[in-house]
2 protein chains.
Amino acid sequence: MCINLFSDVKLSSKWWGWGDASRSYDLETRPKFFKFLKEKLEITGEIIQQPVSLDSVKVSGTRVEEAFARRLVSIFGENNVRLDDRERFLHSFGKGYLDLICAWNGAPSSVPDVVVYPTSESQIEQLFGESAHWSFVVVPYGGATSVVGGVESRTRDAKPVVCLDFRLMNRVLEVDARSLLAKVQPGCLGPELERELNGAGVTLGHFPQSFEYSSVGGWVATRSAGYESTRYGKIEEMVESLRLVTPEGVIETPLVPASATGPNLLQILVGSEGTIGVITSVTLKLRKAPQSRSYVGVLFKTFTDGIEAVREMMQKEIVPNVVRLSDPNETRASLALASQNGGSLVEKVGTWYLARRGYFGSQGVVMILAFEGSPEWVDFERRRALATCRSFSGFSAGSGPGRTWYRERFDLPYLRDKLMGMGVLADTLETATTWSRLPGLHSKIMEAFSGAFQELHVPGYAMAHISHEYRTGASLYFTFMAKQLAGREEEEWRLIKNRVTDVIVNAGASLSHHHGVGVEHVKWMEQYYGPLGIRVLKAIKHELDPATIMNPDKLLPAS
Amino acid sequence: MCINLFSDVKLSSKWWGWGDASRSYDLETRPKFFKFLKEKLEITGEIIQQPVSLDSVKVSGTRVEEAFARRLVSIFGENNVRLDDRERFLHSFGKGYLDLICAWNGAPSSVPDVVVYPTSESQIEQLFGESAHWSFVVVPYGGATSVVGGVESRTRDAKPVVCLDFRLMNRVLEVDARSLLAKVQPGCLGPELERELNGAGVTLGHFPQSFEYSSVGGWVATRSAGYESTRYGKIEEMVESLRLVTPEGVIETPLVPASATGPNLLQILVGSEGTIGVITSVTLKLRKAPQSRSYVGVLFKTFTDGIEAVREMMQKEIVPNVVRLSDPNETRASLALASQNGGSLVEKVGTWYLARRGYFGSQGVVMILAFEGSPEWVDFERRRALATCRSFSGFSAGSGPGRTWYRERFDLPYLRDKLMGMGVLADTLETATTWSRLPGLHSKIMEAFSGAFQELHVPGYAMAHISHEYRTGASLYFTFMAKQLAGREEEEWRLIKNRVTDVIVNAGASLSHHHGVGVEHVKWMEQYYGPLGIRVLKAIKHELDPATIMNPDKLLPAS
């Protein structure tokens, strides 16, 4: 079994950054991007820092008493209880910018005291049973790709932290092809899931940016969204039923397509971020695997034209799988990032011709559309979508930009690691609001970024796209970069994050559309849901976790 | 203002049955139906009973003390506080079969002690404030079309019941046409809402059977479904945000299209059936009003063929607005109900021809399809749907059956009133399950009906249709009729209801897909959600209504 454990698996992966150590984001073939970065961020482009060596990392000793450790071994088996420093260190952070800082410095804010790998639900029930005899808290751990501190090993009253890593509970238990349902264990990662489903001619259709490394349990616990959510919905719409083990016992929601039986129990458990129990299985709604796929890039003269085109598509109930509209800043960054290896927007359509027609002015923007389904549906929907775009002067730039986006869709986190080496803060944040409020919110957030960069006296760059669209509104997804303030990295990041998030919450927009709450968004939760709303969520937590052993400091403000 | 009050409005409506006193279900033009009824239910077809006269009704005196009544008048205004017997009697039942029995006998199980008509949210907050000084419970009252006892005036510890009738809070407050959102007060009835929305070129698209008399607040409080839910979703998917006044204060959920911020607070409040507070406004997601509409009837040789055709449509993501597939029993009853005034299935396609081809054997069934949207979408989707039906030997019977269904879609409750006069028990119940379980569940429920009729020694008839379809399953909607057992009407109904609902819940199917829980489904709730699930719902209730003044006996089993 050892081969499945974290340190063995993950050392082939890049513990101090994103993904696979053998992969990286190729900047060498993108010379224009260096020029862009140097100009916007006043950096040299040289590598100025590296992560510490894993061997040099020192972590605080475990607080687990020997007798409790023996009990854990008797529950989970010797190989599946890990107390060694390396294992504990490797379980101490997610993939947010602050996590990266901690990882590069070899200095996580806290580490778990023991890592256990359950192989069955009954082991987890036994663990909760031990809380009568031993003091501890539990932090559930899936793919650990949280960017909001969702897996941080926070404790309460200095109790030992038991990190529950679901890596060994990763099976697809059952596929009901007649009902398009699959019952899956929480530790199943995206590629493992899709490989098995595709073999049966079906798909879940959930492809978050983290897809290659994130887990089913994590998706469901955090209300994740994939890049096809415009058509297929967020993960909470893909769950038919789930099973949750709480310190007070097991809840399994009825396996029904819909019901009218009071508050939606399923939607109380989805999004609970490990604060009331752990998910031990999820029954997911599937789709037939698509037979046909089509991409197209569309240029607009202004962001406003693009927004109106998206809004009209949604409101005419034209629903491509992907609609991703970059703002002017992101469009310029994308053009700068275009590889010289072909496939770029610029090469596919004559830049000069389009510039003359007003598509490459400073206000020009690009939209990526993707369609997946039966060939006749793809044709029909693509035709309707493009007709709508044309009515807002959208210029179809062919399939090149879309293919490029699709090929590189999981690669951008690798770029962040490279930028980190060059002394660049790079992170993302996201929200969602109604169409009426969206343009104003975009402007206010861009101003907040500028204001924060000025306040910090650092050169910075922010950009956004609209994705995950609805009839009533859409998500706004921001990427921001700034020259790092050496030694003050956390302070720098927090100031930017605070300034922008205040604007989001004050505008009545979503505190998070799909990253979740974790520890980083907790301080806005009361403003977001109101004091009485928070009381409701705390009452649920108190009922299921009266001894407060589940995932401390996540989701809800302390009482 | 008096003109808006219940007794003034509703006396033009039929207090002892469904809808408008000037409308009725015309059986005279449907002579075959009498034959059918006589044969199946062994009744004569003569009118054997009538409702009591309203003037002869006696109700128990109000328990409201004079000082409390004066306080209510100071809050709501003199005209909007009604203590008279007639008003209280008219607020004492909904539209379920047991309600009808009570109404016809003039003997409701309980009556409210006072009926108040709030005109603002602050009046409701003031009322809750009075609970510090006076003992009372509150029963929210919208269109009162509940068929599960949702408006019954139950009390707790003999406290006076304050019935809150939302008839005067019925305005569309705001339409945001850019975001396709409308903010609406809870007392707005279906036709009032659609009239106003249609004027702005939009629609909600929610058309439950009760549409003409039910209210927005009631829909949202009970997770209602309309006949177009297959395409447009249930009401819970049409709510962007809502505002709820609870005894502990106001909760308003964020106005956002989606979020990843913990348990879904909105979906905790939706479906709460007035047990934690009252809805004072709902922001609803709209659609552009459809430009084109098309209906088609399709015949199948067997129910199994029809089910497979529906399942395949859903799983190919072909989504008509309406897919309504009758089982063999309902198909035969529909044929018997066909009017001689034309438009019937039989006249449109030669019965003889179809019978020869196997479509009118005892196993033959009919499906109604409806499509609404842009002309090009209607054409496209209709073509795809019919191609799928043909692959299961579906025979298109043209637009006649669909038009008939559409014309009479709100009329069937009127038929129940007529049948009641003839001494017939007629009621409906519904569930939902996955496609794998659906055929077996249909058989088991039909057996349970037969068993119950036998146990009671009454002639009876049960029939069903599949509607409200999903990729993973569908709703099964049953209509059942039996010869009434005079003097034992409630016992007769309860035995049938219990036998069938036990089968539903034991099979893991939905306790209700869209009727709600009310008082009638409470006893199955713990089995349905499990003891720990019920504890979660009770914890929410306790947090928002610690003095348990809201809607006693509804939704949750007593502690």
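The structure we're discussing is the one just above.
Residues numbered from 1 in each chain as written. Chains lettered and ligands numbered in written order. Predicted model: local features only at pLDDT ≥ 70, side-chain atom pairs only at ≥ 80, totals over all residues. Heavy atoms only, no water.

Asker: What should I look at first to understand the overall build of chain A in this one?
Answerer: Each helix and strand in chain A was counted, giving 20 helices and 18 strands. Here chain A has a C-alpha radius of gyration of 23 Å; the compact-globule value for 559 residues is 24 Å, and the two agree. Reported as C-alpha extents along the three principal axes, the dimensions of chain A are approximately 75 × 55 × 45 Å. In chain A, once contacts between residues fewer than 6 apart in sequence are set aside, the share between residues at least 24 apart is 77%. A total of about 19,500 Å² of accessible surface is found on chain A, and carbon and sulfur atoms cover 49% of it. (Helix = DSSP H or I, 4+ residues; strand = E, 2+ residues; numbered from the N terminus. Rg over C-alpha atoms; globule rule 2.2 N^0.38 Å. Contact = heavy atoms within 4.5 Å. Areas by Shrake-Rupley, 256 points an atom, 1.4 Å probe, with all protein chains shown as cover.)

Asker: Just checking my understanding: could you explain the nonpolar core for this structure?
Answerer: For soluble globular proteins, nonpolar side chains are generally found buried alongside one another. Grouped together as the largest cluster of nonpolar side chains are 237 residues, with contacts concentrated most on M367(A), L369(A), M367(B) and L369(B). With sequence-adjacent residues up to four places away left out, L369(B) is seen in contact with S294(B), Y295(B), V296(B), V298(B), M313(B), P320(B), V322(B), V323(B), A385(B), L386(B) and C389(B). (Core = buried A, V, L, I, M, F, W, Y, C linked by side-chain atoms within 4.5 Å. Buried < 20%, exposed > 50% of the residue type's maximum accessible area, 1.4 Å probe, protein only.)

Asker: Explain the sheet that holds strand β2 (residues 114-116) of chain B to me, please; I cannot follow it from the model alone.
Answerer: Where strands meet in a sheet, backbone hydrogen bonds hold them as pairs that are either parallel or antiparallel. All names here are of chain B. Across the sheet, which stays open at both edges, the 4 strands sit in the order β1-β2-β4-β3 with mixed pairing between neighbours. Where the open sheet ends on each side, the last strands, each with one partner, are β1 (81-82) and β3 (137-141). In this structure, β3 lies alongside strand β4 (residues 161-165), joined through 5 bridges in parallel fashion. Among the inter-strand pairings, Y141 is bridged to a residue of β4, identified as D165. (Pairing = 2+ DSSP bridges.)

Asker: Would you take a moment to explain the pairing of strand β14 (residues 365-373) of chain B for this structure?
Answerer: For a regular strand, the rule is simple: side chains alternate between the two faces of the sheet. All names here are of chain B. Most of β14 sits inside the fold, with 9 of its 9 residues counted as buried. With burial as the criterion, each face of β14 is covered, one bearing V365, M367, L369, F371 and G373 and the other bearing V366, I368, A370 and E372. Of the strand pairs in this sheet, strand β12 (residues 292-300) and β14 are connected by 9 bridges, and their pairing is antiparallel. Of the residues in β14, the one forming a bridge with V298 is M367. Pairing of strand β13 (residues 322-326) with β14 involves 4 bridges; the strand directions are antiparallel. Paired with R324 across the bridge in β14 is I368.

Asker: What am I meant to see in the relation of the copies chain B and chain A here?
Answerer: What connects the two chain copies is a rotation about an axis and a shift along it. Between chain B and chain A, which share one sequence, the superposing operator has a rotation angle of 180° and an axial displacement of 0.0 Å; the RMSD is 0.0 Å. Such a combination of turn and shift is consistent with a two-fold rotation axis. When C-alpha positions in chain B are compared against the rotation axis, the closest is assigned to A539(B), at 3.0 Å. A symmetric contact is evident, with 100% of the interface residues of chain B recurring at the interface of chain A. (Least-squares fit on C-alpha atoms with pLDDT ≥ 70 in both.)

Asker: Help me understand the packing of aromatic side chains in this model?
Answerer: Using the criterion set out here, one finds 41 aromatic pairs over all chains in the structure. For the ring pair F89(A) and F93(A), a centre distance of 5.2 Å and an interplane angle of 75° mean the geometry is edge-to-face. Taking the relative accessible area as the measure of exposure, F93(A) reaches 6% and is therefore buried. Ring geometry for F380(A) versus F380(B): centroids 3.8 Å apart, planes at 0°, classification stacked. You can see F380(A) sitting in helix α15 (residues 375-390) and its partner F380(B) sitting in helix α15 (residues 375-390), one on each of two chains. F380(B) matches F380(A) in its accessibility class, with the two residues each being buried. Through a chain of ring-to-ring contacts, the aromatic side chains of F207(A), F211(A), W219(A), Y227(A), Y295(A), W405(A), Y406(A) and F410(A) assemble into a single cluster. Against the face of W16(A) rests K14(A), its NZ or CZ located 4.9 Å from the ring centre. (Phe/Tyr/Trp six-rings, centres within 6.5 Å; stacked < 30°, edge-to-face > 60°. Lys NZ or Arg CZ within 6 Å of the ring centre and 35° of its normal.)

Asker: Mind showing me how you'd approach the interface of chain B and chain A here?
Answerer: Listed as interface residues are 84 residues of chain B and, on the opposing side, 84 residues of chain A. Summed over the three residues of chain B that lose the most area to chain A, namely R178(B), T261(B) and Y529(B), the buried surface amounts to 10% of that side. Remark: the boundary between chain B and chain A carries 12 salt bridges. The partner of R287(B) in a salt bridge is E317(A), with the nearest N and O atoms 2.7 Å apart. One can count 36 residue pairs in polar contact (both at pLDDT 80 or more) joining chain B with chain A. For the side of chain B that touches chain A, the leading source of residues is helix α20 (residues 522-544) of chain B, giving 12 residues. Split by residue class, the side of chain B that touches chain A holds 36 nonpolar, 26 polar and 22 charged. (Buried area = accessible area lost by both parts, 1.4 Å probe. Salt bridge = Lys/Arg side-chain N within 4 Å of Asp/Glu carboxyl O. Polar contact = N/O pair within 3.5 Å; in protein donor to acceptor, adjacent residues only side chain to side chain. Nonpolar A, V, L, I, M, F, W, Y, C, P; charged D, E, K, R; others polar.)

Asker: Quick question: what am I supposed to make of unusual backbone geometry here?
Answerer: Excluding glycine, residues mostly carry a negative phi; peptide bonds, for their part, are mostly trans. Residue and element names in this part refer to chain B. With a phi close to 55°, A144 is a non-glycine residue in the positive phi region. Turning to its location among the elements, A144 is positioned in the loop between β3 and β4. For A144, a relative accessible area of 8% gives the class buried. Of note in this structure, S393 is not a glycine but carries a positive phi near 60°. Mapping S393 onto the fold places it in the loop between α15 and β15 (395-396).

Asker: Where do I start with helix α16 (residues 400-407) of chain A in this structure?
Answerer: What sets the pattern is the α-helix's 3.6 residues per turn: residues three or four places apart point alike. Across the 8 residues that make up α16(A), a large majority, 6, are buried. Taken residue by residue, α16(A) has G400(A), P401(A), G402(A), T404(A), W405(A) and Y406(A) as its buried positions.

Asker: Even after reading the chapter, I still don't get the pattern of salt bridges, so can you show me in this structure?
Answerer: In a structure, side chains of opposite charge can pair up when their charged atoms sit close to one another. Per the counting criterion, the structure on display carries 76 salt bridges over all chains. Two residues, E236(A) and R223(A), come together in a salt bridge whose shortest N-O distance is 3.5 Å. You can see E236(A) sitting in the loop between α9 (229-232) and β8 (239-246) and its partner R223(A) sitting in the loop between α8 (216-222) and α9, a full 13 residues away along the chain. The exposure class of E236(A) is buried, given its relative accessible area of 9%. Note that D55(B) and R86(B) form a salt bridge whose closest N and O atoms lie 2.6 Å from each other. Taken together, the residues span a long stretch of sequence, with D55(B) in the loop between α2 (31-41) and α3 (66-76) and R86(B) in helix α4 (residues 85-90) at a distance of 31 residues. Given a relative accessible area of 33%, R86(B) falls into the partly exposed group. A network of salt bridges, in which partner residues are shared, links R23(A), E212(A) and D411(A).

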